[in-house]
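Spelled out, the chains give:
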Amino acid sequence: DGGITQSPKYLFRKEGQNVTLSCEQNLNHDAMYWYRQDPGQGLRLIYYSQIVNDFQKGDIAEGYSVSREKKESFPLTVTSAQKNPTAFYLCASNKKVVQSSNSPLHFGNGTRLTVT
Amino acid sequence: SQQGEEDPQALSIQEGENATMNCSYKTSINNLQWYRQNSGRGLVHLILIRSNEREKHSGRLRVTLDTSKKSSSLLITASRAADTASYFCAGGTSYGKLTFGQGTILTVHP
């Protein structure tokens, strides 16, 4: 079964600690994305990567970092600089798109991060 | 910034009724997509409509797009309790990026 795996499902951390969320896909997709979802709100883009060893900031990148060393993997680190890290984090991927087209996103089932 | 704004924020209907959700967006788009999210889960893609299309169907789903009004609607016909979920529109405006609205929470009562 092809898909996106996010782990862990729930994560608890103390304030001031960095934490890394895992995202792995076996769909052979080129592009991968991290979104943040707060209660009752839509998704906001944190970072995205269209190719290995390259990534771009989204709308709310401050306090986050990513890497894309392998096509299948796009881990997200929530640093201590992120002021409100408690949220639901969603990873997604899609095929390489051509200009003026966006192929549908495939999502993982998310990681719920709680920082106290 | 949110590309789409869904209306209503919450919708409660009886099984068998139709559900209509609306989405408005601010900037020009290449396409508009609708996604569904069950509680605590990831989003699932439902349907994509391109900017040069006006209407699209997929099973019990019907999507319309009016680029002059910068709006889209999602109609779910003959709703079922299993359709209970949050529904999001997302506008595709640049290479590889989608911007999501805040969603409509649909509750279908059996």
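Scroll up to find the structure this text is about.
Residues numbered from 1 in each chain as written. Chains lettered and ligands numbered in written order. Predicted model: local features only at pLDDT ≥ 70, side-chain atom pairs only at ≥ 80, totals over all residues. Heavy atoms only, no water.

*Asks:* Could you clarify how one ought to interpret the side chain of S79 of chain B in this entry?
*Replies:* Residue and element names in this part refer to chain B. The topology assignment puts S79 in the loop between β8 (71-76) and β9 (85-94). A polar contact is formed between the side chain of S79 and the backbone oxygen of Q14, at a distance of 3.5 Å. Apart from residues lying up to four places away in sequence, S79 is in contact with I13, Q14, E15, G16, E17, R60 and V108. (Helix = DSSP H or I, 4+ residues; strand = E, 2+ residues; numbered from the N terminus. Polar contact = N/O pair within 3.5 Å; in protein donor to acceptor, adjacent residues only side chain to side chain. Contact = heavy atoms within 4.5 Å.)

*Asks:* In this structure, what is going on with the environment of A78 of chain B? I would like to understand it.
*Replies:* Residue and element names in this part refer to chain B. Here A78 shows up in the loop between β8 and β9. On a C-alpha basis, the gap between A78 and E5 in space is 24 Å, while along the polypeptide they are 73 residues apart. A78 has contacts with G16, E17, N18 and R60, leaving out every residue within four places of it along the chain.

*Asks:* Looking at this structure, I do not really get the interface of chain A and chain B. What am I missing?
*Replies:* For interface size, the figure often reported is the accessible area lost on association. Chain A puts 29 residues into the contact, and the matching count from chain B is 24 residues. The junction of chain A with chain B conceals about 2100 Å² of combined surface from both sides, 48% of it contributed by carbon and sulfur atoms. One can count zero salt bridges joining chain A with chain B. Counting every contact that joins chain A to chain B gives four residue pairs in polar contact (both at pLDDT 80 or more). Where the side of chain A that touches chain B is concerned, the elements lending two or more residues are β4 (31-37), β5 (43-51) and β9 (87-94) of chain A. At five residues, β5 of chain A tops the list of elements feeding residues into the side of chain A that touches chain B. Looking at side-chain class alone, the side of chain A that touches chain B contains 12 nonpolar, 12 polar and five charged residues. (Buried area = accessible area lost by both parts, 1.4 Å probe. Salt bridge = Lys/Arg side-chain N within 4 Å of Asp/Glu carboxyl O. Nonpolar A, V, L, I, M, F, W, Y, C, P; charged D, E, K, R; others polar.)

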